[in-house]
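Notes for the structure review
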Amino acid sequence: MEPSAETPVSAELEELPDRLGWRAASAQDAPSAGVGGALLCLSAAFFYAGANVALRMLADPSRATDPMWTIFVKETVTVLIVGPLLWFLYLRGRASFPSRDSLLILVAAGAAVQLIGNVGLLWAMGIVGLAIALPIALAVSLISAALLGAVLLGESITWRVLVGIGLLIAGIVCLRAGAGGGLEGMNAPAWKVVVAMLVACAAGITYGLLTIAIRHVARRDTSVWVVVLVVTGCGTVTLGILSWARLGIAGLAATPGEHLFWMGVSGILNLLGFLALSKGLQLTPVARANILTASQVALAALAGWILFQETVNPPVLLGFGLTVAALFFTDRG
């Protein structure tokens, strides 16, 4: 989110073009570069939203796809592509592996993101839907990153962050009021809807924690490709083992081909979003890129309402608006 949820690396991607050998835009190219950068960031938003739509399809109660197995396949797509690329860059001296301390920090944060963040958010989508779970998780991730940055890295907390916290709380209250019994036809008990929204909040906290971990290791010149590989690799290893232990080889092999297809699509779209954002950040200021990429929240909500007939009523619309306002307000802070 991984904001897909895996957008927490956006601020650290500014240096990526140099590592890949992409040409920096000259002054004469500035106008066209600005347009191109904006289009790339919007493309990243579409890719990330598409990845979340694919996951939402798999989270539908009618499919009952196992969340751990789903995220395992999604993350393994990135591992299989980024792993060989990172090795190629390393052999050419254009990527470095982190120190043991940095690696341990990334593994701890990556495991939390996979086990709590990605799996939890996917489960929450199956209870309250994409239009409610995703905005909550992304807004909480920004706010928690700001708060954790103040506690762990000594960064300052702006008044915008405090306002964002208030907007988010109000938004969650409204979303809960409009969520009813969860997705149409589920008639989930009230406590389960509350738990799903709390799990979405917990997912956002893990994404914020990952942001702090990336900021910390980035100070030691850790390659962004290493970050991507370690975080997704945590999903491949931990969720692969847990899926095998819980479902067995026969259970995993019985996964319908349609489900495997959408798992793979979510992984490919997520990686394409990362690549589009990394190139867009070469041509667009970070603040503007983050705002453009955050439009994935609106795209995902529209998909939830139109494609999946998720609950849309005045409290949900108000809560969605407050949550998105919290997201943008905090991002500008």
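What this report covers is the structure whose coordinates are included nearby. (Residues numbered from 1 in each chain as written. Predicted model: local features only at pLDDT ≥ 70, side-chain atom pairs only at ≥ 80, totals over all residues. Heavy atoms only, no water.)

**A closer look at the overall build of the protein**
Helix and strand content of the protein: 12 helices and zero strands. When burial is assessed residue by residue, the protein has 54% of its 333 residues classed as buried. Summing over all exposed atoms, the protein offers an accessible surface of approximately 13800 Å²; the carbon and sulfur share of this is 70%. (Helix = DSSP H or I, 4+ residues; strand = E, 2+ residues; numbered from the N terminus. Buried < 20%, exposed > 50% of the residue type's maximum accessible area, 1.4 Å probe, protein only. Areas by Shrake-Rupley, 256 points an atom, 1.4 Å probe, with all protein chains shown as cover.)

**Quick look at the pattern of salt bridges**
Enumeration according to the criterion identifies four salt bridges in this entry. Of the charged contacts, one joins R56 and E310 as a salt bridge, the two residues approaching to 2.6 Å between their closest N and O atoms. Of this pair, R56 sits in helix 2 (residues 30–59) while E310 is found in the loop between helix 11 (296–307) and helix 12 (314–332), placing the two residues 254 residues apart along the sequence. The exposure class assigned to E310 is buried, which follows from its relative accessible area of 5%. A salt bridge links E75 to K74; its shortest N-O distance comes to 2.9 Å. Each member of the pair, E75 as well as K74, is classed as buried. (Salt bridge = Lys/Arg side-chain N within 4 Å of Asp/Glu carboxyl O.)

**Structural notes on the layout of surface pockets**
Size it by volume and the second largest pocket reaches roughly 150 Å³. Together, L58, A59, P61, A64, T65, P67, L122, W123, G126, I127 and M186 line the second largest pocket. Mapped onto the lining of the second largest pocket, the elements with two or more residues apiece are helix 2 and helix 4 (100–128). At four residues, helix 4 tops the list of elements feeding residues into the lining of the second largest pocket. Within the lining of the second largest pocket, the residues separate by chemical class into nine nonpolar, two polar and no charged. (1 Å grid on protein atoms, 1.4 Å probe; cavity = no way out; pocket = protein on both sides within 12 Å on 5 of 7 lines; lining within 4 Å. Points joined across faces, edges and corners; volume = space filled by probe spheres on them. Nonpolar A, V, L, I, M, F, W, Y, C, P; charged D, E, K, R; others polar.)

**Details of helix 11**
Taking 1.5 Å per residue as the helical rise, helix 11 with its 12 residues ought to reach 16 Å, and the 15 Å between its terminal C-alpha atoms agrees with that figure. Regarding helix 11, the residues found buried are Q296, V297, A300, A301, A303, G304 and W305. At the exit of helix 11 stands Q309, carrying a positive phi of roughly 50 degrees. (Expected span 1.5 Å × (residues − 1).)

**A look at the packing of aromatic side chains**
With the rule as written, the count across this model stands at seven aromatic pairs. Here W225 and F274 contribute two aromatic rings whose centre-to-centre distance is 5.2 Å and whose plane-to-plane angle is 70 degrees, an arrangement assigned as edge-to-face. Residue W225 is found in helix 8 (residues 224–253), and its partner F274 is found in helix 9 (residues 257–283); the two are separated by 49 residues along the sequence. Judged by relative accessible area, which is 2%, W225 ranks as buried. When its relative accessible area of 6% is taken as the criterion, F274 is described as buried. Taken together, a centroid distance of 5.4 Å and an interplanar angle of 70 degrees make the contact between W305 and F320 edge-to-face. Highlighted residues: W305 in helix 11 and F320 in helix 12, separated in sequence by 15 residues. Judged by its relative accessible area of 17%, W305 falls in the buried class. A relative accessible area of 13% places F320 in the buried class. Through pairs of rings, three or more aromatic residues link up here, namely W87, Y90 and F97. Its guanidinium or amino end placed over the ring of F308, R56 lies 4.4 Å from that ring's centre, counting from NZ or CZ. (Phe/Tyr/Trp six-rings, centres within 6.5 Å; stacked < 30°, edge-to-face > 60°. Lys NZ or Arg CZ within 6 Å of the ring centre and 35° of its normal.)

**A look at unusual backbone geometry**
The residue Q309 is not glycine, and still its phi comes out positive at about 50 degrees. With respect to the helices and strands, the residue Q309 is situated in the loop between helix 11 and helix 12.

**Overview of a nonpolar patch on the surface**
On the surface, V35, L39, L42 and F46 cluster together into a nonpolar patch covering about 390 Å² of accessible area. Mapped onto the fold, L39 is located in helix 2. With a relative accessible area of 53%, L39 lands in the exposed category. (Patch = residues over 30% accessible without salt bridge, like charges linked within 9 Å, V, L, I, M, F, W, Y side chains within 5 Å.)

**Looking at the environment of Q282**
For Q282, the location among the structural elements is in helix 9. Take Q282: its relative accessible area is 18%, and that puts it in the buried class. Separated by 245 residues in the primary sequence, Q282 and G37 place their C-alpha atoms 7.3 Å from one another.

**Considering the packing of helix 5 (residues 130–152) against helix 6 (residues 159–179)**
Running from amino to carboxyl end, helix 5 crosses helix 6 at an angle of 155 degrees, the nearest separation of the two axes being 10 Å. One finds that helix 5 runs roughly antiparallel with respect to helix 6. Pair helix 5 / helix 6 crosses with left-handed handedness. Counting all contacts with helix 5, which are made through I132, I136, A139, V140, I143, A146 and L147, the residues of helix 6 involved are V161, G164, I165, L168, I172, L175 and A179. Taken together, the residues of the contact of helix 5 with helix 6 sort by class into 13 nonpolar, one polar and no charged. (Axes fitted to C-alpha atoms, helices over the stretch in contact; angles between N-to-C directions. Parallel < 35°, antiparallel > 145°, perpendicular 65-115°, else oblique. Left-handed = near helix turned anticlockwise from the far one by under 90°. Contact = heavy atoms within 4.5 Å.)

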